[in-house]
Amino acid sequence: MSSVVLGGGLAGLSAAYYLIRCIPNHPLTLIEASHRLGGWIKSNTLDDILFEQGPRTIRPHGISARNTLALIENLGLTDVVIPINSSHPAAKNRMIYANEKLHLLPTSIKSLFKKQDPFSKPLIWFLLNDLIAPRKNVKDESIYDFVNRRFGKEFADYLISPLICGICAGNAKEISVNFLMKNLFEYEQKYGSIFRGLTRSVFSRKILQKSELSQLALRARKEKWSVYSLRGGIETLAKSLESHIRKNNINIELDSECEEIEFFSDNVILQMKGGKNISATNVISALPSAKLGIALQKQYPELSELLQKIKSVTVGVVNLHYNKKLIKNEGFGYLVPPKEKLPILGVTFDSCCFPRGENTVLTVMMGGPWFEELFGSDPNEEVLLKTATDQLKTTLGIVDEPVNSKVNILKNCIPQYTVGHNENLENINNYIHKHNLPLFLCGASYYGVGVNDVILSSKNAVDKLIH
Ligand SMILES: Cc1cc2nc3c(=O)[nH]c(=O)nc-3n(C[C@H](O)[C@H](O)[C@H](O)COP(=O)(O)OP(=O)(O)OC[C@H]3O[C@@H](n4cnc5c(N)ncnc54)[C@H](O)[C@@H]3O)c2cc1C
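Residues numbered from 1 in each chain as written. Predicted model: local features only at pLDDT ≥ 70, side-chain atom pairs only at ≥ 80, totals over all residues. Heavy atoms only, no water.

## Some details on the nonpolar core
Counting 47 residues, the largest nonpolar core has Leu237 and Ile284 as its most contacted members. Broken down by secondary-structure element, the contributors of at least two residues to this core are α1 (10–22), β2 (28–31), α2 (63–74), α10 (215–222), β8 (225–230), α11 (235–247) and α18 (451–466). Here this core gets nine residues from one element, more than from any other, and that element is α1. With residues near it in sequence (within four places) discarded, Ile284 still touches Val4, Val5, Leu6, Ala15, Leu19, Phe440, Cys442, Ala461, Val462 and Leu465. Ile278, Ala280, Val283 and Leu292 belong to the second largest nonpolar core, which has 31 residues in total. (Core = buried A, V, L, I, M, F, W, Y, C linked by side-chain atoms within 4.5 Å. Buried < 20%, exposed > 50% of the residue type's maximum accessible area, 1.4 Å probe, protein only. Helix = DSSP H or I, 4+ residues; strand = E, 2+ residues; numbered from the N terminus. Contact = heavy atoms within 4.5 Å.)

Here you go:
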């Protein structure tokens, strides 16, 4: 038996790692179209200042998070973890920019009872609406519609919409509630309200025993981490996975773009750009689903169409370095509700999260579903840089010129789980099962875009392959 892992982003690297761990000495080829491994994970240092182009923090809570912490521990990276605990300003102060002002989002139970701009009433008023709002029996709907129904329009506009921009650079009016907020959606469908569902779940929640957690997960719990990064940036994780798999003599093919996949009764043939063929018994695809769809178009057009239904959005990322302290309100950063119609999704205060002496480091994110509308189909880096600095002037009053900046236009970088995503996933999995294809899927296109979700999707794909 031999395997191919297609795609050398975080998902492909993790899949190779888990496969080596489960079946040592297993013949394995990792195929990557570009000249490097890591995919969207890129941590660059410019004049000693770290610029994260892709992910910058990882969450330590939940099943998928505990899996990542165990992986980090197994890779020997414990000593390079940099946590932000829950009392740090970056954990407590999350803001939105609305009506030409920054507003702190509520962080305590007490703050729910006070009226705070931009809301017209105390937040508890919106929350209590959930108890009287009627249940609507639907298979799925947009997160915006769901929250609007249960908590009201202001909640949907000022809390959920910017949050979705932060999670997946998405439009809450398009993203599936049955996927991204599955629990809350099911509480309504089952118990008639989110509150009723939440109260029941508190009593049935399983508290994990210490023996079930890695040392690092225990530390995260004890020290109350909010999020964490790694010394050298998140790319340290990708580099460590790469060096682990290289040590295990895996065949890594860089600059190799897979153009077509053909399944035969006893093997799979992958056709590379340039004419080379690679054969294997099974394939783990860690490609963006649309790319996999193109490679399967000839032999399985129906599956190809289902895979290509999962669209992605383009994000402009502008990293900026100023050589003095410029942030007055310390915090994680702020998000912009789409209702404000500003040309940015949000700004992270990188030097508040991870202090850089007297320097200020900020990252401005822009685009998402609105990228083309804002910047056209042939975007210009200068325009994005000017948009970022102009927005920092109006929102934070920063008039200084950055000493260094980096603009990256990340084309189709974040998949969008739009309404009906679960059903589409089910159709994809049923198709693969029905046709008995030795094809296993992982990566950001399917089960969650966060670093934790992606790593867990790879572990699950490997588990499925070996069982
Ligand atoms: C700007 C940004 C910020 C983010 N911030 C966070 C964050 O703070 N926290 C968090 O948890 N998550 C964050 N994420 C999400 C997370 O980083 C990604 O979901 C994750 O890195 C995706 O990994 P992947 O391996 O699934 O996909 P990719 O990184 O897209 O990897 C796919 C790989 O496949 C290769 N490939 C494509 N086509 C072919 C082909 N035909 N043949 C061979 N190879 C091919 C590509 O070159 C690429 O290397 C962020 C993402 C972005 C883009």
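## Here's the deal with the domain arrangement of the chain
As assigned here, the chain comprises domain 1 (3–41 + 233–310 + 418–466) and domain 2 (105–204). Placing the centre of domain 1 and that of domain 2 at their C-alpha centroids yields a distance of 35 Å. At the interface, eleven residues of domain 1 touch twelve residues of domain 2. For the pairing of domain 1 and domain 2, the buried interface totals around 710 Å² over both sides, and the portion due to carbon and sulfur atoms is 62%. On the domain 1 side of the contact with domain 2, Thr418, Val419 and Asn422 bury the most area, a combined 61% of that side's loss. Across the contact surface, domain 1 and domain 2 share one salt bridge. Joining domain 1 to domain 2, the criterion identifies three residue pairs in polar contact (both at pLDDT 80 or more). (Domains from an automatic or database assignment. Buried area = accessible area lost by both parts, 1.4 Å probe. Salt bridge = Lys/Arg side-chain N within 4 Å of Asp/Glu carboxyl O. Polar contact = N/O pair within 3.5 Å; in protein donor to acceptor, adjacent residues only side chain to side chain.)

## Considering helix α17 (residues 421–434)
The end-to-end C-alpha distance of α17, which contains 14 residues, comes to 20 Å, matching closely the 20 Å that a straight helix rising 1.5 Å per residue would cover. Within α17, burial applies to His421, Asn424, Leu425, Ile428, Tyr431 and Ile432. Viewed end-on, α17 has its buried residues packed into an arc of 125°, placing them on one side of the element. Facing away from the buried side of α17 by more than 90 degrees, the exposed set consists of Glu426, His433 and Lys434. As for α17, its buried residues are in contact with α7 (177–180), α13 (301–308) and β19 (439–441). Looking one or two residues beyond α17, the residue adopting positive phi is Asn436, at roughly 55°. (Expected span 1.5 Å × (residues − 1). Arc of directions from axis to C-beta.)

## Thoughts on the pairing of strand β7 (residues 101–104)
Two elements, strand β6 (residues 94–98) and β7, share four bridges in a ladder whose sense is antiparallel. Each bridged residue has a counterpart across the sheet, and for Ala98 the counterpart in β7 is Lys101. With antiparallel pairing between neighbouring strands as the criterion, β6 and β7 make up a hairpin whose turn holds two residues, including Asn99 at a positive phi of roughly 50°. (Pairing = 2+ DSSP bridges.)

## Description of unusual backbone geometry
For the bond from Asp117 to Pro118, the omega torsion is 5°, close enough to zero to count as cis. The backbone phi angle of Asn436 is positive, close to 55°, even though this residue is not glycine. Take Asn436: it is sitting in the loop between α17 and β19. Residue classification places Asn436 among the exposed positions, given a relative accessible area of 67%.

## As for the sheet that holds strand β12 (residues 277–280)
What the three strands build is an open sheet, ordered β10-β11-β12; its pairing is antiparallel. Unpaired on one side and paired on the other, β10 (258–263) and β12 mark the two borders of the sheet. Averaged over all neighbouring strand pairs, the angle between strand axes comes to 20°, with direction disregarded. Where strand β11 (residues 268–272) and β12 come together, four bridges link them in antiparallel fashion. Looking across to β12, one finds that Leu270 is bridged to Ile278. (Axes fitted to C-alpha atoms, helices over the stretch in contact; angles between N-to-C directions.)

## Notes on the side chain of Asn452
Here Asn452 shows up in helix α18. Asn452 gets classed as buried once you look at its relative accessible area, which sits at 8%. Those residues within four positions of Asn452 in sequence are excluded, and the remaining contacts are Ile58, Arg59, Ser64, Ala65 and Thr68.

## Quick word on the pairing of β2
Residue alternation in β2 divides its side chains into two sets, Leu28 and Leu30 and Thr29 and Ile31, and both sets are buried. Note: strand β1 (residues 3–6) against β2, four bridges, orientation parallel. The partner of Ser3 across the bridge, within β2, is Leu28. Remark: the β1/α1/β2 crossover connection has right-handed handedness. Looking at chain direction, β2 and strand β9 (residues 251–253) are connected through three bridges and run parallel. Within β9, the position partnered with Thr29 by the bridge is Asn251. (Right-handed = clockwise from strand over helix to strand, strands pointing away.)

## Quick word on the packing of helix α5 (residues 143–151) against helix α6 (residues 153–168)
The contact between α5 and α6 brings their axes to 8 Å, and the two run at 145°. Note on packing geometry: the crossing formed by α5 with α6 is right-handed. Mapping the contact onto sequence places Ile143, Tyr144, Val147, Asn148 and Phe151 in α5 and Lys153, Phe155, Ala156, Asp157, Ile160, Ser161 and Ile164 in α6. Its residues assigned to classes, the contact of α5 with α6 comprises eight nonpolar, two polar and two charged. (Left-handed = near helix turned anticlockwise from the far one by under 90°. Nonpolar A, V, L, I, M, F, W, Y, C, P; charged D, E, K, R; others polar.)

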